[in-house]
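Structural overview
Here's the letter readout for the chains.
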Protein chains: 2
Amino acid sequence: MNADTPRAAALIALDWGTSSLRAYRMDAHGAVLDTRHLPWGIMRLPSPPADGAAPAASASGFELAFEQACGDWLRAAPGLPVIACGMVGSAQGWAEAAYLDLPADPGAIGARLTEVDTRRGATLRIIPGLLQRHGLPNVIRGEETQVVGVVDSYPDAVDDLLVGLPGTHCKWVRVRDGRIVEFDTFMTGEVYAALRGHTILGRTMADPALPDDAAFERGLEVAGSALGAGGVLSTIFSTRALGLIGQLSADAQPDYLSGLLIGHEVSALRTLLDARGMPARIVLCGDQDLCRRYARALGRFGLATPTLAAEATQRGLWRLAVSAGLAKPA
Amino acid sequence: MNADTPRAAALIALDWGTSSLRAYRMDAHGAVLDTRHLPWGIMRLPSPPADGAAPAASASGFELAFEQACGDWLRAAPGLPVIACGMVGSAQGWAEAAYLDLPADPGAIGARLTEVDTRRGATLRIIPGLLQRHGLPNVIRGEETQVVGVVDSYPDAVDDLLVGLPGTHCKWVRVRDGRIVEFDTFMTGEVYAALRGHTILGRTMADPALPDDAAFERGLEVAGSALGAGGVLSTIFSTRALGLIGQLSADAQPDYLSGLLIGHEVSALRTLLDARGMPARIVLCGDQDLCRRYARALGRFGLATPTLAAEATQRGLWRLAVSAGLAKPA
């Protein structure tokens, strides 16, 4: 269609999580040529057809998803390297990619890829997660790749950087001298969903037409004031109590609860950072509305105004493929 | 059947909550003559038969449950007074019994019963819940009756008493000079169930054959140590992380999580009490195993060894019926 010579693909990169699969075809500069978004997370893989020759049972869902994600790209360029990050490397994934100990830098991570031979002959290389053994043990899988992408975007700030990755589980990852040295996990997003969907708090809630910033701020305020001294297990009940006495409308309750939870999270983060030392820069990476909420919370608790990172996963996948020698930048 | 003269009934008392209904027939000393335990909580009332004359739709489930709970007792002694506490007086109950402001003593509570005329002619009198307006608003409904029962059991300690009522929502109620002056709610039990049933934490758990006290203590320890500084939204993820690296077995995870949650609750309670002043005595009231756990947590966080109260609801119902002039003690 296009008169220009199409740019040649140099890498296929997969961001393969629990609930979805994103596939990127990249050129030799790491620029994305094509993107696909498929619903085939590792917990909801496609089923093989019931008729015909039975395929190898265990991996067939992964094989089918892989084929849909990049089968045609590999037919068009059979030798293309394929790299993947995320839960595809977990114990419930296609092949377990063992956790790597901290501190970890892109070179160390890229040197520890786990290889999977696919039925179509291509080799899938899975990026390891990271394991923190000191303090309370902690793990990340997928976010290490986003952090590598952020580090690649801010080469001047990697002396001392804190990367926040809000979502189902919010991760706060500390980078010093270009290496991931420490991280914390807060289950804020998943706890919010569980409280809303499966406790009495959800019963009196209604969806607001638009995000209710005032209700969110009110939740932050409570979490950060003397009223929050009872902790999150206690303050969340005020969502219901305020509603019962007519001081919080049904459609303000979801964002108030969100403010409470994110407020308690960032309040605790502030305590941890007071003990560990403030980072020179904070970068947030994730859903835009959620990052906006976290930015307000960081401000409320006296932390630095964050920078918002874009396309961190793509950049991280590319950077690690280069580290591993799979891709050679033009 | 019995040669002795049966003791005469003086009161019917109902403990009518969200998921069950307990009915007590009491004599003129407040002693329980009969007890019934029915599954007819206000959220799961019996359905009227589909055939025959249509009964008044809205109250019919309540009427049917009421009939099963005490219809025969009322036939045998038509003039018996009937009192009830719990969610039967909520907006979703049979009739809304308005919340009473703090401070509240048994006299004030007994003076504010809400009357419901039942189809069979008897009047049901419902005990109000309590509303705390200072600080974060807070409500109790049903627990006020248990606290009145505890106060009745410890007449020498009511100068300064803290009553803990563990359960779905754990309430900590402060009594000074015989009056309820303050309380806190922690949604610990319901949060535990939601985390176990509806988050990733439940996926790696197995039920232990017996309660795992060591795992529970380990959770308490984490919540109370420097490792707990990230707060409960953070420490709960260690249930999974410890499991992933083989340091916490599947069947130790439920009690470890329980220890974390109760530990964070009691740690926050300790902070609140440091600001408000320690009570002279702590009494726990509720499920025996749960009270045992809370007693260990109180000890771990340097709070007083609690006394365990029994039959607080029955005693409270009796005491409030007497306050209201419904029952006259022999």
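All values derive from a computational prediction rather than experimental measurement. (Residues numbered from 1 in each chain as written. Chains lettered and ligands numbered in written order. Predicted model: local features only at pLDDT ≥ 70, side-chain atom pairs only at ≥ 80, totals over all residues. Heavy atoms only, no water.)

Now for the overall build of chain A. When helices and strands are counted, chain A shows ten helices and 14 strands. For a compact globule of 330 residues, the expected C-alpha radius of gyration is about 20 Å, and chain A comes in at 22 Å, within 12% of that figure. The dimensions of chain A, computed from C-alpha atoms along their principal axes, are 65 × 50 × 45 Å. For chain A, with 330 residues in total, the buried portion stands at 55%. Residue pairs in contact within chain A that sit at least 24 positions apart in sequence constitute 64% of those at least 6 positions apart. For chain A, the computed accessible surface area is about 13500 Å², with 49% contributed by carbon and sulfur atoms. (Helix = DSSP H or I, 4+ residues; strand = E, 2+ residues; numbered from the N terminus. Rg over C-alpha atoms; globule rule 2.2 N^0.38 Å. Buried < 20%, exposed > 50% of the residue type's maximum accessible area, 1.4 Å probe, protein only. Contact = heavy atoms within 4.5 Å. Areas by Shrake-Rupley, 256 points an atom, 1.4 Å probe, with all protein chains shown as cover.)

A word on the nonpolar core. Ranked by internal contacts, the top residues of the largest apolar core, which has 81 residues, are W172, I236 and L261 of chain A together with W172 and I236 of chain B. In terms of residues, this core owes the most to one element, helix α8 (residues 253-276) of chain B, which gives ten residues. Dropping the residues within four chain positions of it, L261 of chain A is found in contact with T188, V191, Y192, L195, V232 and I236 of chain A together with L233 of chain B. (Core = buried A, V, L, I, M, F, W, Y, C linked by side-chain atoms within 4.5 Å.)

Residues and elements named next belong to chain B. The three strands are arranged β5-β8-β9 in an open sheet whose pairing can be described as mixed. Each edge of the open sheet carries a strand with a single partner, namely β5 (100-101) and β9 (138-140). When β5 meets strand β8 (residues 130-132), the two strands line up parallel, connected through two bridges. Paired with L100 across the two strands is L130, which belongs to β8. (Pairing = 2+ DSSP bridges.)

All right, on to the pattern of salt bridges then. All names here are of chain A. Applying the stated criterion to the full structure yields 42 salt bridges over all chains. Here D34 and R25 are joined by a salt bridge, their closest N and O atoms 2.7 Å apart. In this structure, the salt-bridge partner of E67 is R120, at a minimum N-O distance of 3.0 Å. Within this pair, whereas E67 is found in helix α1 (residues 60-76), its partner R120 is found in the loop between β6 (114-117) and β7 (123-126), the two being separated by 53 residues in sequence. Taking relative accessible area as the criterion, E67 reaches 29% and is therefore assigned partly exposed. Taking relative accessible area as the criterion, R120 reaches 29% and is therefore assigned partly exposed. Salt bridges here are not isolated pairs; linked through shared partners, they connect D213, D255, D289, R292 and R293. (Salt bridge = Lys/Arg side-chain N within 4 Å of Asp/Glu carboxyl O.)

Residues and elements named next belong to chain B. The sheet built from six strands is open, its strands ordered β3-β2-β1-β4-β7-β6 with mixed pairing. At either margin of the open sheet sits one strand with a lone partner, and together these are β3 (32-38) and β6 (114-117). This sheet shows a mean twist of 20 degrees between the axes of neighbouring strands, independent of strand direction. Examined bridge by bridge, strand β2 (residues 21-27) and β3 share six bridges and lie antiparallel to one another. Looking across to β3, one finds that R25 is bridged to D34. (Axes fitted to C-alpha atoms, helices over the stretch in contact; angles between N-to-C directions.)

Attention now goes to the relation of the copies chain A and chain B. Take chain A, turn it by 180 degrees, move it 0.0 Å along the axis, and it overlays chain B with an RMSD of 0.1 Å. Such a combination of rotation and displacement between the chain copies is what one expects of a two-fold axis. When C-alpha positions in chain A are compared against the rotation axis, the closest is assigned to A194 of chain A, at 2.9 Å. In this assembly the copies share their binding face: 100% of the residues contributing to the interface of chain A also contribute to that of chain B. (Least-squares fit on C-alpha atoms with pLDDT ≥ 70 in both.)

Now for the state of the cysteines. Residue and element names in this part refer to chain A. What the rule picks out here adds up to zero disulfides over all chains. You can see C170 has no disulfide; the closest cysteine sulfur is in C291, sitting 8.8 Å from it. According to the relative accessible area criterion, C170 is buried, its value standing at 0%. (Disulfide = S-S within 2.5 Å.)

Helix-helix packing is described using two parameters, namely the angle between the two axes and the distance between the axes. All names here are of chain B. Interhelical geometry of helix α5 (residues 213-224) versus α8 gives an angle of 35 degrees and a closest axis separation of 6 Å. For the pair α5 and α8, the sense of crossing is right-handed. Here A215, F216, R218, G219, L220, V222 and A223 of α5 come into contact with α8, specifically with D255, Y256, S258, G259, L260, I262, G263 and H264. The class makeup of the residues in the contact of α5 with α8 is eight nonpolar, five polar and two charged. (Left-handed = near helix turned anticlockwise from the far one by under 90°. Nonpolar A, V, L, I, M, F, W, Y, C, P; charged D, E, K, R; others polar.)

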